[in-house]
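Descriptive analysis of the structure
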Amino acid sequence: MESKSIITPIGNFNSFYVNSLLVKLIYIGQQNSSNFPDISLQKVINHFFSKKGLKSLPKYFIQGTPFQLKLWETLSTIPRGHTESYSSLASKIGSPGAARAVGTACRLNPLPLLIPCHRVIKQDGSTGEFALGKINKEYLLKMESV
């Protein structure tokens, strides 16, 4: 497995590849990575943090349960600047009442930022939790709402 690094306004990530396909982004926060820079993914991420958002995704391959894969695919349809509730997503993927499972699948998202689990909020409009930290979730939501 090949590993590289990217730098973002919310912290650093290590990117992992198998056969040139992105399989995972691991958030390492403010730590510096000893990996070589991931130049092509860095361009994608820089675009994400610009006012334009993501243009295209790198080629990737992720594994998960059928529920997780269906949810992660659905997360990718939430437009920048919009949010969706955990329970609404559960209903959209045919599992009404599975809001907690949606939250768990969001926490296990192998490609945070690229699969926008930060756009998932609680039914009451509060931000809820986030695998990369609540402060980062609030930052991302605010950044995208501009």
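Here is a short report on the structure shown in this document. Quick caveat: nothing in here was measured; it's all calculated off a predicted structure. (Residues numbered from 1 in each chain as written. Predicted model: local features only at pLDDT ≥ 70, side-chain atom pairs only at ≥ 80, totals over all residues. Heavy atoms only, no water.)

**Concerning the packing of aromatic side chains**
- By the definition in use, this model includes 2 aromatic pairs.
- With a centroid separation of 5.0 Å and 90° between ring planes, the pair formed by Phe48 and Phe49 is classed as edge-to-face.
- The class of Phe49 is buried, set by a relative accessible area of 16%.
- Looking at Lys4, its charged tip hangs above the ring of Tyr17, at a distance of 5.5 Å from the centre.
- Above the face of the Phe48 ring, Arg80 is positioned so that its terminal group lies 5.8 Å from the ring centre. (Phe/Tyr/Trp six-rings, centres within 6.5 Å; stacked < 30°, edge-to-face > 60°. Buried < 20%, exposed > 50% of the residue type's maximum accessible area, 1.4 Å probe, protein only. Lys NZ or Arg CZ within 6 Å of the ring centre and 35° of its normal.)

**Observations concerning the environment of His118**
- For His118, the location among the structural elements is in the loop between helix H4 (99–107) and strand S6 (120–121).
- Accessibility expressed as a relative area gives 0% for His118, which makes it buried.
- Residues contacting His118, with those up to four places away along its chain left out, are Phe48, Leu113, Phe130, Lys137, Leu140, Leu141 and Glu144.
- There is a polar contact of 3.0 Å between the side chain of His118 and the side chain of Glu144. (Helix = DSSP H or I, 4+ residues; strand = E, 2+ residues; numbered from the N terminus. Contact = heavy atoms within 4.5 Å. Polar contact = N/O pair within 3.5 Å; in protein donor to acceptor, adjacent residues only side chain to side chain.)

**Examining unusual backbone geometry**
- Phi is positive for Asn19, close to 50°, though the residue is something other than glycine.
- Secondary-structure assignment places Asn19 in the loop between strand S2 (11–18) and strand S3 (21–29).
- Under the relative-accessibility criterion, Asn19 is labelled exposed at 72%.

**Digging into the pairing of S3**
- Across 7 bridges, S2 lies against S3 in antiparallel orientation. Bridging across to S3, Asn12 finds its partner in Gly29.
- In textbook terms, the turn of a hairpin is the stretch between consecutive antiparallel strands, and for S2 and S3 this stretch comprises 2 residues, one of which, Asn19, has a positive phi near 50°. (Pairing = 2+ DSSP bridges.)

**Observations regarding the sheet that holds S2**
- Judged by pairing direction, the sheet is mixed, and its 4 strands sit side by side in the order S3-S2-S1-S4 without closing on themselves. Each edge of the open sheet is held by one strand with a lone partner, namely S3 and strand S4 (36–37).
- Contacting strand S1 (2–8), S2, S3 and S4, helix H1 (residues 39–49) crosses the sheet at an angle of about 30° to S1. (Axes fitted to C-alpha atoms, helices over the stretch in contact; angles between N-to-C directions.)

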